[in-house]
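Report on the structure
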Amino acid sequence: MRDILLIGLYALAAGAVVGLLGAGLLRLLRGRSITVHVCVLLAVTVSAVVAGVATVAQAMFLSSHDLQVVLVTVAASATVSLTLGFVFGRRLASAAVWAAQARERERRMEAGRRELVAWVSHDLRTPLAGLRAMTEALQDGVVADPETVAEYHRRIGAETGRMSALVDDLFELSRIHAGALRLAPARLPLVDVVSDAVAAVTPLAVHRGITVQAAGDGWPVVTAGAPELNRIVENLLVNAVRYTPPHGSIRVHAGHDGTQVWFAVSDTCGGIPDDDLPRVFDVAFRGSRARTPGSAGGGLGLAIVRGLTEAHGGQVLARNIAGGCWFEVRLPVAPP
């Protein structure tokens, strides 16, 4: 009984020394990743076992051959344990990071939904109140002179068009999020798509003294859904016109680099604050100018651009350049 007690004390002492060293190492590495902590913890545990076995073997005065057999056996077991621990530790770390990212993404989506409801309610309630007032004024004969009546009709038409555009954006976004978007890919000359989009935004740009230009050559052919690609390019141009100061300039670029086709819209908006850059494609995000007069739109245009681009298997990014912004869409090159 006394020998068993001594063996236990020897093993406990050796394991305690290794455990204290491991605890100090974990404290020094407390800022590292989960994978590092799992691997260190497993290494400390295996090392404690090895130290205990080696100490007991030495205390039992085993022959050199028997001691080598014990140590080789323990080393083989430790190798297997450390390998399995590293593999599953990485999986555990990936799962933990993925779960944290999923929670953060869900939190941001829920906040975006709340903002969307609040902003859409505001953007619909305000013009509806004006439409009701103008309609009642026309019905009650409060305004009768032809010039004022024509102005009321013009404003009613403008507000109705604005609300229709907002409802269309909501419908498009709901299709994207519900997975109900069905693409009909076709080979489209990008220069034709950009030309149509530039022609559509030119009246708004000219009204504000903004020039819109497209690169002269190097236009690739894109495999994409025609209405979806038109919507992507037009939304990017409308967003650039909306935030570019009067007498600014907008330019469309394009090219291809092997596995991807890309096109980009650059403007002279002055840049986006660094804190806002990661959120520019979030639903209902309109930045610090969201409530300023003339900031039309429901903050859905860039969210639709991201949704449609990802539906094509591509990606969209935004960054600041000298004096403005650069919005770039990359789409995979379809096989022949």
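See above for the structure.
Residues numbered from 1 in each chain as written. Predicted model: local features only at pLDDT ≥ 70, side-chain atom pairs only at ≥ 80, totals over all residues. Heavy atoms only, no water.

1. Overview of the packing of helix α4 (residues 146-178) against helix α7 (residues 301-311)
To be explicit about the condition: Here an angle of 0 to 180 degrees is reported between the N-to-C directions of two axes, which are lines fitted to C-alpha atoms, with helices fitted over the stretch in contact. Starting at the N terminus, helices and strands are each numbered in turn, a helix being any DSSP run of H or I of at least four residues and a strand any DSSP run of E of at least two. Two helices that cross are described as forming a left-handed crossing if the nearer one is turned anticlockwise from the farther one by less than a right angle, and a right-handed crossing if clockwise. Every residue pair with non-hydrogen atoms within 4.5 Å of one another is taken to be in contact.
Taken N-terminus to C-terminus, the directions of α4 and α7 make an angle of 35°; their axes are 10 Å apart at the nearest point. The interaxial crossing formed by α4 with α7 has left-handed handedness. In this structure, α4 contributes D169, E172, L173 and I176 to the contact, and α7 contributes A303, I304, G307 and L308.

2. Some remarks on the side chain of H312
Applied cut-off: A 1.4 Å probe rolled over the protein chains alone gives each residue an accessible area, and that area as a share of the maximum for its type sets the label: buried under 20%, exposed over 50%, partly exposed in between. We call two N or O atoms a polar contact when they sit within 3.5 Å, provided that within protein one can donate a hydrogen and the other can accept it, with sequence-adjacent residues counted only if both atoms are side-chain atoms.
Relative to the elements of secondary structure, H312 occurs in the loop between α7 and β6 (315-321). By relative accessible area, H312 is classed as buried at 15%. A polar contact is formed between the side chain of H312 and the backbone oxygen of L308, at a distance of 2.8 Å. Once residues lying within four places of it in the same chain are set aside, the contact partners of H312 are L183, A224, G225, E228, L331 and P332.

3. Considerations on the sheet that holds strand β5 (residues 260-267)
Stated precisely, the cut-off is as follows: Note on pairing: DSSP must find at least two bridges between two strands before they are called paired.
Taken in spatial order, the 5 strands of this open sheet run β2-β4-β5-β7-β6, and their pairing is mixed. Either end of the sheet is taken by a strand with one partner, and the two such strands are β2 (211-214) and β6. In this sheet, adjacent strand axes meet at a mean angle of 15° when their direction is disregarded. Direction of pairing for strand β4 (residues 249-256) relative to β5: antiparallel, over a ladder of 7 bridges. Bridge pairing in β5 links V252 to V265. This element, helix α5 (residues 190-207), spans β2, β4 and β5 of the sheet and lies at about 175° to β2. In this fold helix α6 (residues 226-243) packs onto β2, β4, β5 and β7 (324-332), with an angle of close to 20° to the strand it touches most, β5.

4. So, α5
Just so we agree on the cut-off: By definition here, a helix of n residues has an expected span of 1.5 Å times n minus one. In this analysis the local bend is the angle between axes fitted, respectively, to the seven residues ending at and the seven residues starting at the residue.
Under the 1.5 Å per step criterion, the end-to-end length of α5 is 26 Å for 18 residues, consistent within 8% with the ideal 26 Å. Its maximal kink placed at V201, α5 deviates by approximately 45°, while the proline P203 follows within four residues. Every buried residue of α5 is listed here: L190, V193, V194, A197, V198, V201 and A205. Structurally, α5 contributes buried residues whose contacts are with β1 (185-189), β2, β3 (221-225), α6, β4 and β5. Just beyond α5, the residue with positive phi is G209, at close to 75°.

5. Observations regarding the pattern of salt bridges
Opposite charge on two side chains lets them pair, provided their charged atoms get close. Cut-off, in case you're wondering: Salt bridge, as used here: a side-chain nitrogen of Lys or Arg that lies within 4 Å of a carboxyl oxygen of Asp or Glu.
The final tally for this structure, using the stated rule, is 8 salt bridges. Here E151 makes a salt bridge to R154, at a shortest N to O gap of 2.7 Å. Pair noted here: E151 and R154 are both in helix α4, with a separation of 3 residues, about one helical turn. By relative accessible area, E151 is classed as partly exposed at 31%. A salt bridge links R279 to D282, with the shortest nitrogen-to-oxygen separation between them at 3.7 Å.

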